[in-house]
Amino acid sequence: MGPHPAVAAIRLAVRRVLHDVLTDHAPASDKTSHELPPPPLVLVACSGGADSMALASALAFEAPKLGIRAGGITVDHGLQPGSGQRADEVVLRLTELGLAPAEAVAVAVGRDGGPEAAARDARYGALDAAAQRHGACAILLGHTRDDQAETVLLGLARGSGIRSLSGMAAVSGRPGAARRYRRPFLHLDRQTARKACLVQSLPVWDDPHNADPAYTRSRLRHEGLPALEKALGKGVVEALARTAQLSRDDADALDAWAGQAEASVRDAAGLLECAKLYALPPAVRRRILRRVAIEAGAPAGSLFARHIEEVDRLITGWRGQGVINLPGKVVAQRQGGRLVIRQG
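The following refers to the structure shown. Please read all numbers here as calculations on a predicted model, not as lab measurements.

Observations regarding the overall build of the chain
Link 1 in the chain: A tally of regular secondary structure across the chain gives twelve helices and ten strands.
Link 2 in the chain: C-alpha atoms of the chain, sized along the principal axes, occupy 70 × 65 × 40 Å.
Link 3 in the chain: Scored against the burial criterion, the 344 residues of the chain give a buried share of 44%.
Link 4 in the chain: Of all intrachain contacts in the chain linking residues separated by at least 6 positions in sequence, the fraction that spans at least 24 positions is 67%.
Link 5 in the chain: Roughly 17,800 Å² of accessible area belongs to the chain as shown, and the carbon and sulfur atoms make up 55% of that amount.

Spelled out as structure tokens, the structure:
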């Protein structure tokens, strides 16, 4: 008799991702060397919640069969009393699953962008550092289809365009590690992960922040999505997750188009020519403007659609406007038919 369907589902999802990791990190053949390269290391980011504990258990089961080393990292944000003790308990659970290394990393959470964004930035910074410290080739994250649906709705509320509607990528990373983060559970619902923990008798911790109405995502999870399902019927989460994938495909294509078009709208000195920008489709033009603003120092997380629309008016609705101020002390202005975006 095979494993419970929920356990089988999470293991299959992890197995597929580990095969992808092996393909991405297959060493080039070296006929002059007789030493075998060390097996790759994959880490799981584990908060102790049901999603990440299910992921940790599946990684511990699948990795050895593929010759992969498996470890785990938990991040202590220090935002709740006893968080350090809970982090130590998570490390113990990871160790009991056979994961090594297994460690807790404490971080200091700032205030930029609000509490949720600040905690996220601190967490990913710690995970990036852990990957470099241990030489890990990938970090698995336990985001589920439900998390994806919430992310799409949050992007819709911000009015940030199709990229926000594309939600979280199955594979992502920061500069220098573009494919570090893997999300095996984006096609699985939250209940599958919780059920997998239950049938395996895995203890889980329910973060009280996830039920705190002070947090936007919490309100959306407990009030917004249930209201949508009541009004529109079941299947909203699946539809939103499907929207994310379709939007991501479109956004990737437009990003590629913008990347190719950027060189064609610059003059010999490298300045952006407004007339050539005007001739591009708006979706392509605005992507170029956003990319240039970020390169000039505007923080991507603080650069919203309304900022890019104001810069776009320097091209499409030129009436002698003055300087446009952007986040990160970046300014945009039109000078002699050229668009200049730089640090103010």
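A few points about the sheet that holds strand β8 (residues 324–326)
Link 1 in the chain: Across the sheet, four strands lie side by side as β7-β10-β9-β8; this open sheet has antiparallel pairing. Both outer strands of the open sheet, β7 (272–273) and β8, are each paired with one neighbouring strand and no more.
Link 2 in the chain: With three bridges joining them, β8 and strand β9 (residues 330–335) adopt antiparallel strand pairing. Each residue of the ladder has a partner; that of Ile-324, found in β9, is Ala-332.
Link 3 in the chain: This element, helix α11 (residues 282–295), spans β7, β8, β9 and β10 (338–343) of the sheet and lies at about 35 degrees to β10.

Some words on helix α4 (residues 115–134)
Link 1 in the chain: Look at α4: 29 Å from first C-alpha to last across 20 residues, which is about the 28 Å you get at 1.5 Å a residue.
Link 2 in the chain: For α4, the full list of buried residues reads Ala-117, Ala-118, Ala-119, Ala-122, Tyr-124, Ala-126, Leu-127, Asp-128, Ala-130 and Ala-131.
Link 3 in the chain: Positioned one or two residues after α4, Gly-135 has a phi angle of 70 degrees, which is positive.

Some thoughts on the sheet that holds strand β1 (residues 41–45)
Link 1 in the chain: Judged by pairing direction, the sheet is mixed, and its six strands sit side by side in the order β3-β2-β1-β4-β6-β5 without closing on themselves. Edge positions in the sheet fall to β3 (102–106) and β5 (171–172), since each of these pairs with one other strand and no more.
Link 2 in the chain: Across five bridges, the pairing between β1 and strand β2 (residues 69–76) is parallel. Each bridged residue has a counterpart across the sheet, and for Leu-41 the counterpart in β2 is Arg-69.
Link 3 in the chain: Sitting on the sheet, α4 is in contact with β1, β2, β3, β4 (138–140) and β6 (181–182), with an inclination near 145 degrees to β2.

A look at the pairing of β1
Link 1 in the chain: Across the five residues that make up β1, a large majority, five, are buried.
Link 2 in the chain: Both faces of β1 are covered, namely the face carrying Leu-41, Leu-43 and Ala-45 and the face carrying Val-42 and Val-44.
Link 3 in the chain: Sheet topology note: the β1/β4 ladder contains three bridges and is parallel. Paired with Leu-43 across the bridge in β4 is Ile-139.

A word on the side chain of Arg-182
Link 1 in the chain: Within the secondary structure, Arg-182 is located in strand β6.
Link 2 in the chain: With relative accessibility at 2%, the residue Arg-182 sits in the buried group.
Link 3 in the chain: At a separation of 2.8 Å, a polar atom in the side chain of Arg-182 contacts the side chain of Asp-24.
Link 4 in the chain: Of the polar contacts made by the side chain of Arg-182, one reaches the backbone oxygen of Arg-179; its length is 3.0 Å.
Link 5 in the chain: The residues contacting Arg-182, other than those within four sequence positions of it, are Val-17, Asp-20, Val-21, Asp-24, His-25, Ala-138, Ile-139, Leu-140, Leu-141, Ala-170 and Val-171.

Remarks on the nonpolar core
Link 1 in the chain: Core analysis: the largest hydrophobic core is formed by 34 residues, its most contacted members being Val-42, Leu-59 and Phe-185.
Link 2 in the chain: Non-local contacts of Phe-185, meaning those with residues more than four positions away in its chain, are made with Ile-10, Ala-13, Val-14, Asp-51, Ala-54, Leu-55, Gly-142, His-143, Thr-144 and Arg-145.
Link 3 in the chain: With 25 residues, the next largest nonpolar core counts Leu-272, Leu-277, Leu-280 and Leu-326 among its residues.

Some details on the pattern of salt bridges
Link 1 in the chain: Applying the stated criterion to the full structure yields 26 salt bridges.
Link 2 in the chain: One salt bridge in this structure joins Arg-133 and Glu-103, with 2.3 Å as the shortest N-O distance. In this pair, Arg-133 is assigned in helix α4 and Glu-103 in strand β3, connecting sequence segments 30 residues apart.
Link 3 in the chain: A relative accessible area of 48% places Arg-133 in the partly exposed class.
Link 4 in the chain: Look at the salt bridges and you will find they share partners, linking Asp-147, Glu-150, Arg-190, Arg-217 and Arg-221 into a network.

Parameters at a glance
- Residues numbered from 1 in each chain as written.
- Predicted model: local features only at pLDDT ≥ 70, side-chain atom pairs only at ≥ 80, totals over all residues.
- Heavy atoms only, no water.
- Helix = DSSP H or I, 4+ residues; strand = E, 2+ residues; numbered from the N terminus.
- Buried < 20%, exposed > 50% of the residue type's maximum accessible area, 1.4 Å probe, protein only.
- Contact = heavy atoms within 4.5 Å.
- Areas by Shrake-Rupley, 256 points an atom, 1.4 Å probe, with all protein chains shown as cover.
- Pairing = 2+ DSSP bridges.
- Axes fitted to C-alpha atoms, helices over the stretch in contact; angles between N-to-C directions.
- Expected span 1.5 Å × (residues − 1).
- Polar contact = N/O pair within 3.5 Å; in protein donor to acceptor, adjacent residues only side chain to side chain.
- Core = buried A, V, L, I, M, F, W, Y, C linked by side-chain atoms within 4.5 Å.
- Salt bridge = Lys/Arg side-chain N within 4 Å of Asp/Glu carboxyl O.

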